[in-house]
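Below are the chains, spelled out letter by letter.
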Amino acid sequence: MPTPLHVISFDQDLDLPEGLSPTARRWAEGNKFRAKLGQVLPLPNETGGIEAVLVGWGTSEDRSKLPMAFSGVPAKLPDGEYAFGLVPDGFDKTANALAWDLGCYRFKKYKAKTEPKVTLAEARSKRAVAEREGVTLTQDLINTPAEDMGPAELAGAAASLAEAAGAKLTLIDDNAVLKREFPLIHTVGRAAASPPRLIDFVWGNPDHPKVTLVGKGVCFDTGGLNLKPGNSMGLMKKDMGGAANTLGLAHMIMSLDLPIRLRVLIPAVENAVSGSAFRPGDIFRSRKGLSVEINNTDAEGRLVLADALALADEEAPDLVLSLATLTGAARVALGPDIMPFYCDDDAAAAALSAASMTVEDPLWRMPFWPSYEKMIEPDIADLDNAPPGGFAGSITAALFLRRFVEAAGTYMHFDIYGWRPKSVGGQPKGGAAQSPRAILDYLIKRYDQN
Ligand code: BES
Ligand code: MN
Ligand code: ZN
């Protein structure tokens, strides 16, 4: 028999569940159980075993401050099998089972240590399973060090995902083709030992609305010749976080069979230093034809995305989304818990913001501010990849990307961080899925209204 988890809100003036043994009840009273959010108290039975566990659920205000709060519970429990016991009105077992699952994630690839074993006997919805699998995939991809997750391995991961879902994959990895057709992807990736490539897969019924996801796949970002200082470079294995989030989201979309024609584009490169590295001051013509002056080789993400977005735009999809660990400025503005996104369509942006709060995958809208357009226009080329001064760094990067999307119905861009510097609630430290569950909810509402 699984041990019951009795979930108790703070505003329930602490009615302990009927049917607790006198021992358990006395233990709860004697141990100051106050139903504070995150408080977990195992209750003993007469023989010293665990009769039940009280889980504090706080107030709705407390919970609004801690997305996926239930993810903190499993780590606080002794090994064993659990099930929901009494839960407050409005407690969503499906959503909280997903939070539990996300809280159980550990990156195990490089560590033999056995992990605590706690299980929750609760049926998971198909959607909760898809979300958990997608989030886990994203975390594993980001957590894997660059040595084992270079452009080739990232392409391998995309290929496995595409194959499992029956998507059609095209891998563009010929250097001559890249140089001719995707000059900026080639430029950024050309200095690395593992050559650049463009991952392209297509899934779903061709008659359904076209949705294209573009993910930044910079497998390591040294900054290039504008080398990052050591402490800024330390975390740059996560610079394929946009690609990892894109693949996690694609997994969710495909396993839930959303009625869309999905395309995933990932420029997979390493921004490395060698004799063949591109240089500050160089000017390159992009796939779309716009020329770009390089003022900082560390602003490489927007370069590789520009060519991928141009390709995406050529078939005029209904919706184009880019996900990228694009700027340090985004992190400065909003920090690691809430992600900026950009979208010109007010109704779509409002729906996405609402979705992000509902599924507790927080997003905040930022503006494609028109008067900053001139900041990305240098004297001797069409575009500047790194406007001097760094004013509005996340916005100017977003404006840069938008120049490459003209024919798509709606464009949304996510400047994500892709990393949790420390655990938030129970959501683990390390590689992070940021925006996929919000986007999934939005896509379901936009395309699957039946
Ligand atoms: N990958 C970085 C952005 C980044 C840094 C994201 C730290 C998250 C944490 C990106 O390629 C970059 O280096 N951007 C520069 C752009 C600048 C040179 C215009 C930045 O934001 O400093
Ligand atoms: Mn960079
Ligand atoms: Zn980067």
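Provided above is the structure to which this section pertains.
Remember, it's a predicted structure, so these values are computed and weren't measured experimentally. (Residues numbered from 1 in each chain as written. Chains lettered and ligands numbered in written order. Predicted model: local features only at pLDDT ≥ 70, side-chain atom pairs only at ≥ 80, totals over all residues. Heavy atoms only, no water.)

Visitor: Help me understand the sheet that holds strand E12 (residues 291-293) in this model?
Guide: Strand pairing in a sheet takes place through backbone hydrogen bonds and is either antiparallel or parallel in direction. One open sheet holds the three strands; their spatial order is E11-E12-E16, and the pairing between them is mixed. The open sheet is flanked by strand E11 (283-285) and strand E16 (383-384), the only strands paired with a single partner. Taken together, the three bridges between E11 and E12 define a ladder with antiparallel strand orientation. Bridge pairing in E12 links Phe 284 to Val 292. (Pairing = 2+ DSSP bridges. Helix = DSSP H or I, 4+ residues; strand = E, 2+ residues; numbered from the N terminus.)

Visitor: Could you clarify how one ought to interpret the coordination of the manganese ion (ligand 2) in this entry?
Guide: Geometry sets the ideal angles at a metal, namely 109.5 degrees for four tetrahedral donors and 90 or 180 degrees for six octahedral donors. Within the protein, the manganese ion (ligand 2) binds to Asp 221 (OD), Asp 298 (O), Asp 298 (OD) and Glu 300 (OE); these donor distances fall in the range 2.0 to 2.2 Å. Between the six donor atoms coordinating the manganese ion (ligand 2), the angles at the centre fall across 72 to 169°, so the site counts as irregular. Between the manganese ion (ligand 2) and the zinc ion (ligand 3), a spacing of 3.2 Å is present, and a bridge between the two is formed by Asp 221. The class of Glu 300 is buried, set by a relative accessible area of 1%. (Donors = N, O, S within 2.8 Å, 3.2 Å for Na, K, Ca; no water. Tetrahedral: all angles 85-135°; square planar, octahedral: opposite > 155°, others 65-115°. Buried < 20%, exposed > 50% of the residue type's maximum accessible area, 1.4 Å probe, protein only.)

Visitor: So what exactly am I meant to see when it comes to the coordination of the zinc ion (ligand 3) here?
Guide: Looking at the zinc ion (ligand 3), the protein donor atoms are Lys 216 (NZ), Asp 221 (OD), Asp 239 (OD) and Glu 300 (OE), and they sit 2.0 to 2.5 Å from it. The sequence motif formed by the donor residues of the zinc ion (ligand 3) is K-x4-D-x17-D-x60-E.

Visitor: Honestly, the nonpolar core in this entry has me stumped. Any pointers?
Guide: Considering soluble globular proteins, one finds that nonpolar side chains tend to be buried as a cluster. With 81 residues, the main nonpolar core has Phe 70, Leu 154, Phe 201, Ile 253 and Phe 414 as its most contacted residues. In terms of nonpolar packing, the next biggest core, distinct from the first, is built from 41 residues, Val 218, Leu 311, Leu 326 and Phe 368 among them. (Core = buried A, V, L, I, M, F, W, Y, C linked by side-chain atoms within 4.5 Å.)

Visitor: Hey, could you run me through the sheet that holds strand E5 (residues 118-120) in this one?
Guide: In spatial order, the strands read E2-E3-E1-E4-E5; together these five strands make up an open sheet with mixed pairing. Looking at the sheet topology across the chains shown, the edges are occupied by strand E2 (40-44) and E5. The average angle at which neighbouring strand axes cross in this sheet is 30°, direction not considered. Here E2 pairs with strand E3 (residues 50-56) via five bridges, running antiparallel. Paired with Val 40 across the strands is Val 55, a residue of E3. Helix H1 (residues 22-30) contacts E2 and E3 of the sheet and is inclined by roughly 145° relative to E2. (Axes fitted to C-alpha atoms, helices over the stretch in contact; angles between N-to-C directions. Contact = heavy atoms within 4.5 Å.)

Visitor: Any chance you could explain the site of ligand 1 here in plain terms?
Guide: Within the structure, ligand 1 sits among 17 residues, and Lys 228, Asp 239, Asp 298, Glu 300 and Gly 328 are positioned closest to it. At 2.8 Å, a side-chain N or O of Glu 300 approaches an oxygen atom of ligand 1. One nitrogen or oxygen atom from the main chain of Gly 328 is found 2.7 Å from an oxygen atom belonging to ligand 1. If ligand 1 stood free it would expose 520 Å²; the protein chains cover 81% of that surface. (Near = heavy atom within 4 Å. Polar contact = N/O pair within 3.5 Å; in protein donor to acceptor, adjacent residues only side chain to side chain. Areas by Shrake-Rupley, 256 points an atom, 1.4 Å probe, with all protein chains shown as cover.)

Visitor: Explanation requested: the pairing of strand E17 (residues 410-415) in the structure shown.
Guide: Side chains on a regular strand alternate between the two faces of the sheet. The element E17 is extensively covered by neighbouring structure, given that six of its six residues are classed as buried. A two-sided burial pattern is seen for E17, the buried positions comprising Thr 410, Met 412 and Phe 414 on one face and Tyr 411, His 413 and Asp 415 on the other. Bridge count between strand E14 (residues 339-343) and E17: three bridges; the pairing is antiparallel. Looking at E17, one finds that Tyr 342 is bridged to His 413.

Visitor: Would you take a moment to explain the pattern of salt bridges for this structure?
Guide: Side chains bearing opposite charge may pair, as long as their charged atoms lie close to each other. Counting across every chain of the model gives 24 salt bridges. Among the salt bridges present, the one from Glu 406 reaches Lys 288, with a minimum N-O distance of 2.9 Å. Remark: Lys 288 occurs in the loop between E11 and E12 and Glu 406 occurs in the loop between helix H13 (393-402) and E17; sequence separation between them is 118 residues. The exposure class assigned to Glu 406 is exposed, which follows from its relative accessible area of 60%. The class of Lys 288 is partly exposed, set by a relative accessible area of 31%. Residue Glu 373 is joined to Arg 403 by a salt bridge in which the shortest nitrogen-to-oxygen separation is 2.8 Å. With a gap of 30 residues between them, Glu 373 in the loop between strand E15 (363-366) and E16 and Arg 403 in the loop between H13 and E17 connect regions that are remote in the sequence. Look at Glu 373 and you get buried, because its relative accessible area is 17%. The structure contains a network of salt bridges with shared partners spanning Arg 127, Glu 131, Arg 437, Asp 441 and Lys 445. (Salt bridge = Lys/Arg side-chain N within 4 Å of Asp/Glu carboxyl O.)

Visitor: Hey, could you run me through the side chain of Asp 282 in this one?
Guide: Relative to the helices and strands, Asp 282 is located in the loop between strand E10 (261-271) and E11. From its side chain, Asp 282 meets the backbone nitrogen of Arg 279 in a polar contact 2.8 Å long. In contact with Asp 282, other than residues within four places in its own chain, are Arg 190, Val 292, Glu 293 and Ile 294.

Visitor: How should the side chain of Asp 200 be read in this particular structure?
Guide: As for its position among the elements, Asp 200 is in strand E7 (residues 197-203). At 2.8 Å, the side chain of Asp 200 forms a polar contact with the side chain of Arg 263. Each residue touching Asp 200, except ones within four places of it in the same chain, is listed here: Lys 168, Leu 169, Thr 170, Arg 263, Val 264, Leu 265 and Leu 311.

Visitor: Could you clarify how one ought to interpret helix H5 (residues 151-165) in this entry?
Guide: Residues lying three or four places apart along an α-helix face the same way, a consequence of the helix completing one turn every 3.6 residues. The terminal C-alpha atoms of H5, which comprises 15 residues, lie 21 Å apart, in line with the 21 Å expected from a rise of 1.5 Å per residue. Along its buried surface, H5 packs onto helix H4 (126-143), strand E6 (168-172), E7, strand E9 (217-221), helix H9 (241-255) and E10. Count one or two residues on from H5 and you reach Gly 166, which has phi positive near 75°. (Expected span 1.5 Å × (residues − 1).)

Visitor: Please explain the environment of Pro 78 as it appears in this structure.
Guide: Turning to its location among the elements, Pro 78 is positioned in the loop between helix H2 (60-64) and strand E4 (80-84). A relative accessible area of 32% places Pro 78 in the partly exposed class. For the pair Pro 78 and Pro 42, spaced 36 residues apart in sequence, the C-alpha separation works out to 8.5 Å.

Visitor: Any chance you could explain the packing of aromatic side chains here in plain terms?
Guide: Geometry of an aromatic ring pair is reported as the spacing of the ring centres plus the angle between the planes. For the coordinates displayed, the defined rule picks out 13 aromatic pairs. Where Phe 107 meets Tyr 110, the ring centres are 5.8 Å apart and the plane angle is 50°; that geometry is what we call tilted. Classification of Phe 107 as partly exposed rests on a relative accessible area of 25%. Aromatic rings pair up to connect Trp 57, Phe 70, Tyr 82, Phe 84, Phe 91 and Trp 100 into one cluster. Between Lys 238 and the ring centre of Tyr 417, over which it is positioned, the NZ or CZ distance is 4.0 Å. The aromatic ring of Phe 368 is capped on one face by Arg 402, whose charged end is 4.6 Å from the ring centroid. (Phe/Tyr/Trp six-rings, centres within 6.5 Å; stacked < 30°, edge-to-face > 60°. Lys NZ or Arg CZ within 6 Å of the ring centre and 35° of its normal.)

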